[in-house]
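For reference, the chains in residue letters:
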Amino acid sequence: MTSGSSIGISTMRPCCRIFCNYKSPSVFGFSPTKFSDSAIRGLLFRSGHHKSTRRYRYNTCDTQIVGYINVIKPNRRDFSVSGSNWGLARDFSTSVCINIGSFRPRVVSLIPHVASDFRNQSTSVDSHAHDTSFEKIYIQSGLNVKPLVIEKIETDQGVLEEVSEETCGESNVNLDNLKDLSENKVQSKDSEVEREAWKLLRDAVVTYCGNPVGTVAANDSADKQPLNYDQVFIRDFVPSALAFLLNGEGEIVKNFLLHTLQLQSWEKTVDCYSPGQGLMPASFKVRTVPLDGSNEAFEEVLDPDFGESAIGRVAPVDSGLWWIILLRAYGKLTGDYTLQDRVDVQTGIRLILKLCLTDGFDMFPSLLVTDGSCMIDRRMGIHGHPLEIQALFYSALRCSREMLIVNDATKSLVAAVSNRLSALCFHMREYYWVDMKKINEIYRYKTEEYSTDAVNKFNIYPEQIPSWLVDWISEDGGYFIGNVQPAHMDFRFFTLGNLWAIVSSLGTTSQNQGILNLIEAKWDDIVAQMPLKICYPALESEEWRIITGCDPKNTPWSYHNGGSWPTLLWQFTLACMKMGRPDLAQKAVDSAGKRLSSDKWPEYYDTRNGRFIGKQSRLMQTWTIAGFLTSKMLLEYPEKASLLFWEEDFELLQNCVCMLSKTGRRKCSRFASRSQFLV
């Protein structure tokens, strides 16, 4: 058997793993005309300059997707190459990983090194503007797309070597910015701690078919029970991705974005134990399994987790939102916008938005989710409309409005995004914000108000104001509370949601300043000896028993229940940079730098002041390492930091002027924020 690694076939269900080939006098045996109502998942391809042409078929579990045909004979075979002849097809007995260019099927994880020119190669959007089902896509010149041929790769010593490109027709790949960034990497002025952090971060990189695709959650060799910490999590990889991007290394981020897109759920399902259409997995793991009928040949398989194995079996709501945010960051920091213009990437964005904007029983512009659907992945009383999800949702909507290609097929979706942005912005600023003035207003609320003119719209009882809040909140500060529902306000301070409210301009300028003023005034409570508390205060006594279900991991001032998470440092730094307060960020970074290395980069810290390493904390936690490195680089390169946040969008405010009048609020809540659209 020739040396090399096998082609990867990523799966979500066993029936979707079949990939076979057989000889045919033509490349595919059919002409690329009209395809199915499901979204496009990749361009059709041919395997390269090989004498014997083959036809490839794929079992899609009875759901047709462009670029696939139903399997006639479910006998899986493999592509392979030997040596450096990438793109050649041979018998599966010599199974080695290959690159097949721009073809990007949903479950066959091949890195698409050719970014499709959406505007030149597809007429689908214009020709199907009035379809009521999901877009039917036509592919022009799909069979003539040639792959990029990787001649050399980046070595462990960081030496970037040549990548040659082959394109078809007028399509071209814009890799100049990536190349320039890689050639002008940050020179080594790092401290010993930073050098250690970079080494640990690179050691955590996961490869798939010889290409980097992400970083594991934790990489502690002494950990005998890694659980799911040896997987690549979408939310965990974001700080790692930013560290690489800020350091001029874009390949791993691009690979990650494309591979996770391949794992996205694309079928409409009625099975209550199956992921909904458009859902991104929480994580994935690279597994090596033997090929069918062979004891010697193996293949690498991407195994995604949509929540089936998670604590509480909850689907990740934030994964798709983080994916969109990272996609925008990739374009901003590399200048390579061809990735977000690809047909498959555009379709992935639309599917995520469709999942988020679907009408339901909920009448609020905020997203209704369950406990455990985000970074706080255990029962912590955040079910309903938690702040973290709303802030990430708002950020993802702003990203999508920037990246979506506007045409007849997407204009209704873009309008829905704009409407939701306006309604969500008003809703959060009006009902989630508290300061001394607002608390005084709540303290004097009248209850049982039945009219559109009601002041106490959620029927909040003043007795809900906790005693700790009155003495805790500063005079010139304020924050967005954790949750608002009928007869319920969660007054806890959740750090991630408030930081992203600043970064995305979900809050007004004065509100954003108020959040930082509060953090500065309550530094010992929120930052303490290890930045930063995930929430404040912790649930204790009967409240802890009832709300967490006596969770032994979320005991008071531990883990999600008031624990300190160093990974929040990069988000705090970004928020401070936006508001012109780098001094606060530098103070927090300096505080963290004194301990993280000596403590072996733990996942979280316990106790009210963050003095102890978390009782069940994993060491060598990757997003702790990456968060520290990203914070250092954001402070060093403020011009790059400015590319990652948003300023106030006055168009959004103008679109929601109707909310400022009593009659307008009724109109806007019923019509303007409605999310019906066609894609």
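Conventions and cut-offs
- Residues numbered from 1 in each chain as written.
- Predicted model: local features only at pLDDT ≥ 70, side-chain atom pairs only at ≥ 80, totals over all residues.
- Heavy atoms only, no water.
- pLDDT = per-residue confidence, 0-100.
- Contact = heavy atoms within 4.5 Å.
- Pairing = 2+ DSSP bridges.
- Helix = DSSP H or I, 4+ residues; strand = E, 2+ residues; numbered from the N terminus.
- Expected span 1.5 Å × (residues − 1).
- Buried < 20%, exposed > 50% of the residue type's maximum accessible area, 1.4 Å probe, protein only.
- Arc of directions from axis to C-beta.
- Phe/Tyr/Trp six-rings, centres within 6.5 Å; stacked < 30°, edge-to-face > 60°.
- Lys NZ or Arg CZ within 6 Å of the ring centre and 35° of its normal.
- Axes fitted to C-alpha atoms, helices over the stretch in contact; angles between N-to-C directions.
- Left-handed = near helix turned anticlockwise from the far one by under 90°.

Colleague: Which residues make up the confidence of the model for the protein chain, and what values do they have?
Modeller: Confidence along the protein chain averages 76 in pLDDT terms, with 68% of residues attaining 70 or more. Between residues 1–189, whose pLDDT stays under 50, and residues either more than four places distant or in other chains, the model counts 452 contacts. Of the regions scoring below 50 in pLDDT, residues 662–679 engages in 41 contacts with residues more than four places distant in sequence or in other chains.

Colleague: Before we move on, could you go through the sheet that holds strand 5 (residues 232–233) and cite the residues and values that matter?
Modeller: Read from one edge to the other, the open sheet built from three strands follows the order 5-6-7, with strand pairing classed as antiparallel. Pairing within the sheet leaves two strands with one partner each, and these edge strands are strand 5 and strand 7 (298–305). One ladder, built from eight bridges, connects strand 6 (residues 283–290) with strand 7; its direction is antiparallel. Of the residues in strand 7, the one forming a bridge with Thr288 is Glu300.

Colleague: Outline helix 4 (residues 192–203), supporting the account with residue identities and numerical values.
Modeller: Taking 1.5 Å per residue, 12 residues should reach 16 Å; helix 4 reaches 17 Å between its end C-alpha atoms and fits that length. Within the span of helix 4, buried status applies to Glu194, Ala197, Trp198, Leu200 and Leu201. Burial along helix 4 is one-sided: seen end-on, the buried residues are contained in an arc of 165°. In helix 4, the exposed positions that point more than 90 degrees away from the buried face belong to Glu192 and Lys199. The inward-facing, buried residues of helix 4 contact strand 3 (205–208), strand 4 (211–215), helix 5 (234–246) and helix 20 (622–636).

Colleague: So, the packing of aromatic side chains: which residues are in play, and what are the values?
Modeller: Given two aromatic rings, one states the distance between the centres and the angle between the planes to describe the pair. Applying the stated rule across the entire model yields 24 aromatic pairs. Ring geometry for Trp472 and Tyr479: centres 6.1 Å apart, planes at 85°, overall edge-to-face. Across the pair, Tyr479 and Trp472 agree in class, each one buried. Put simply, the rings of Trp468, Trp472, Tyr479, Phe493, Tyr536 and Trp557 touch in pairs and so form one group of aromatic residues. Sitting above the plane of the Tyr559 ring, Lys553 keeps its charged end 4.3 Å from the centroid. Across from the ring centre of Tyr229, 4.6 Å away, lies the NZ or CZ of Arg618, which sits over that ring.

Colleague: Pulling in residues and values, what's your account of the sheet that holds strand 10 (residues 488–494)?
Modeller: Taken in spatial order, the four strands of this open sheet run 8-9-10-11, and their pairing is antiparallel. With partners counted over all chains shown, the strands left at the sheet margins are strand 8 (433–434) and strand 11 (535–536), one partner each. Those strands touched by helix 11 (residues 411–431) are strand 8, strand 9 (479–485) and strand 10, and its axis lies near 105° from that of strand 9. Its contacts with the sheet put helix 14 (residues 495–503) on strand 9, strand 10 and strand 11, and the angle it makes with strand 10 is roughly 80°.

Colleague: Provide a residue-level description of the packing of helix 10 (residues 387–403) against helix 11, including the pertinent values.
Modeller: Following both chains from N to C, one finds helix 10 and helix 11 inclined at 145°, their axes separated by 10 Å at the closest point. When you trace helix 10 past helix 11, the crossing you get is left-handed. Contact with helix 10, carried on its side by Leu387, Gln390, Phe393, Tyr394, Leu397, Arg398 and Arg401, involves Val417, Ser418, Arg420, Leu421, Leu424, Cys425 and Met428 of helix 11 and no other residues of that element.

Colleague: If you had to explain the pairing of strand 4 to someone new, which residues and values would you point to?
Modeller: Of all five residues in strand 4, five are buried; the element is thus mostly enclosed. Taken together, the four bridges between strand 3 and strand 4 define a ladder with antiparallel strand orientation. Directly across from Val206, in strand 4, lies its bridge partner Gly214. Count of turn residues in the strand 3/strand 4 antiparallel hairpin: two residues, of which Cys209 carries a positive phi of about 55°.

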